[in-house]
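# Examination of the molecular architecture
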Amino acid sequence: MREQLKLENQLCFPLYAAARKVTGFYSPHLKPLGITYTQYLVFLVLWEKGSQTVGDLSFALHLDSGTLTPVLKKLEAGGYVTRSRSIQDERIVNISLTDKGKVLEEKAAEIPACLASSLPFSEKETMELYRLLYRVLEYSE
């Protein structure tokens, strides 16, 4: 077997597995709210920035619109967001929180602190990991 093809030698694998594990830490906190992890990410952007286009959400979350659209449709069906077409360009879809979506922010406020305590890192290590991961996300050839 070629050394470079061993699973343990792949950078992608621990990133992938760690991301799945960390995402799983969110489940017990999101389940009572009735939302998924991906829906939570959408809420984070909308709570921070207000109404966004689907394109803006796609960019912020590093998701393509084909992945994001079904998530947004479920949030709309649940009464958390509204989707409306731009008057200037009907190809652009605007996403806005409803009152129900805004109320959820208060219920979710403790989630980040709960997650921080779930990880086996010091504050300094957490900040270093955060910095390195964002460096990967910002990298483009």
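Refer to the structure presented above.
The structure contained in this document is the topic of the report that follows. (Residues numbered from 1 in each chain as written. Predicted model: local features only at pLDDT ≥ 70, side-chain atom pairs only at ≥ 80, totals over all residues. Heavy atoms only, no water.)

## Comments concerning the side chain of threonine 53
As for its placement among the helices and strands, threonine 53 is situated in strand E1 (residues 52–53). Take threonine 53: its relative accessible area is 18%, and that puts it in the buried class. Excluding residues within four positions of it along the chain, threonine 53 makes contact with Ile92, Val93 and Asn94. (Helix = DSSP H or I, 4+ residues; strand = E, 2+ residues; numbered from the N terminus. Buried < 20%, exposed > 50% of the residue type's maximum accessible area, 1.4 Å probe, protein only. Contact = heavy atoms within 4.5 Å.)

## Section: helix H3 (residues 54–61)
When H3 is considered as a whole, its buried residues turn out to be Val54, Leu57, Ser58 and Leu61. Projected onto a plane normal to the axis of H3, the buried residues spread over an arc of 100° and lie on a single side. Immediately downstream of H3, the backbone of histidine 62 shows phi near 55°, a positive value. (Arc of directions from axis to C-beta.)

## Observations regarding the packing of aromatic side chains
Taken as a whole, this structure holds five aromatic pairs when the rule is applied. For the ring pair phenylalanine 43 and tyrosine 80, a centre distance of 5.5 Å and an interplane angle of 85° mean the geometry is edge-to-face. Within this pair, whereas phenylalanine 43 is found in helix H2 (residues 37–49), its partner tyrosine 80 is found in the loop between helix H4 (65–77) and strand E2 (81–85), the two being separated by 37 residues in sequence. Since its relative accessible area comes to 0%, phenylalanine 43 is described here as buried. For tyrosine 80, a relative accessible area of 12% puts it in the buried group. For the pair tyrosine 130 and tyrosine 134, a centre-to-centre distance of 4.8 Å together with 50° between the ring planes defines the contact as tilted. Remark: tyrosine 134 and tyrosine 130 occur in helix H7 (residues 123–138); sequence separation between them is four residues, near one turn of the helix. (Phe/Tyr/Trp six-rings, centres within 6.5 Å; stacked < 30°, edge-to-face > 60°.)

## Re the sheet that holds E1
Taken in spatial order, the three strands line up as E1-E3-E2 in an open sheet, and their pairing is antiparallel. The sheet is open, and its two borders are formed by E1 and E2, each paired with just one other strand. Note: E2 against strand E3 (residues 93–97), five bridges, orientation antiparallel. What sits directly across from arginine 85, in E3, is valine 93. Sheet contacts for H4: E2 and E3; angle to E2, the most-contacted strand, approximately 120°. (Pairing = 2+ DSSP bridges. Axes fitted to C-alpha atoms, helices over the stretch in contact; angles between N-to-C directions.)

## Points about a nonpolar patch on the surface
Together, Leu11, Leu15, Phe121, Leu129 and Leu133 give the surface a local cluster of nonpolar side chains, amounting to about 440 Å² of exposed area. Here leucine 15 is to be found in helix H1 (residues 12–30). A relative accessible area of 39% places leucine 15 in the partly exposed class. (Patch = residues over 30% accessible without salt bridge, like charges linked within 9 Å, V, L, I, M, F, W, Y side chains within 5 Å. Areas by Shrake-Rupley, 256 points an atom, 1.4 Å probe, with all protein chains shown as cover. Salt bridge = Lys/Arg side-chain N within 4 Å of Asp/Glu carboxyl O.)

## Notes on the nonpolar core
Tyr40, Val42, Phe43, Leu57, Ile95 and Ile111 are the most contacted members of the largest nonpolar core, which has 26 residues in total. Going through the elements one at a time, H1, H2, H3, H4, E3, helix H5 (99–108) and helix H6 (111–116) are the ones with two or more residues in this core. Looking at which element gives the most residues to this core, the answer is H2, with six residues. Among residues more than four places away in sequence, those in contact with isoleucine 95 are Leu46, Ser51, Gln52, Val54, Leu57, Leu72, Val81, Thr82 and Arg83. (Core = buried A, V, L, I, M, F, W, Y, C linked by side-chain atoms within 4.5 Å.)

Such coordinate-based values are descriptive only and should not be taken to indicate function.
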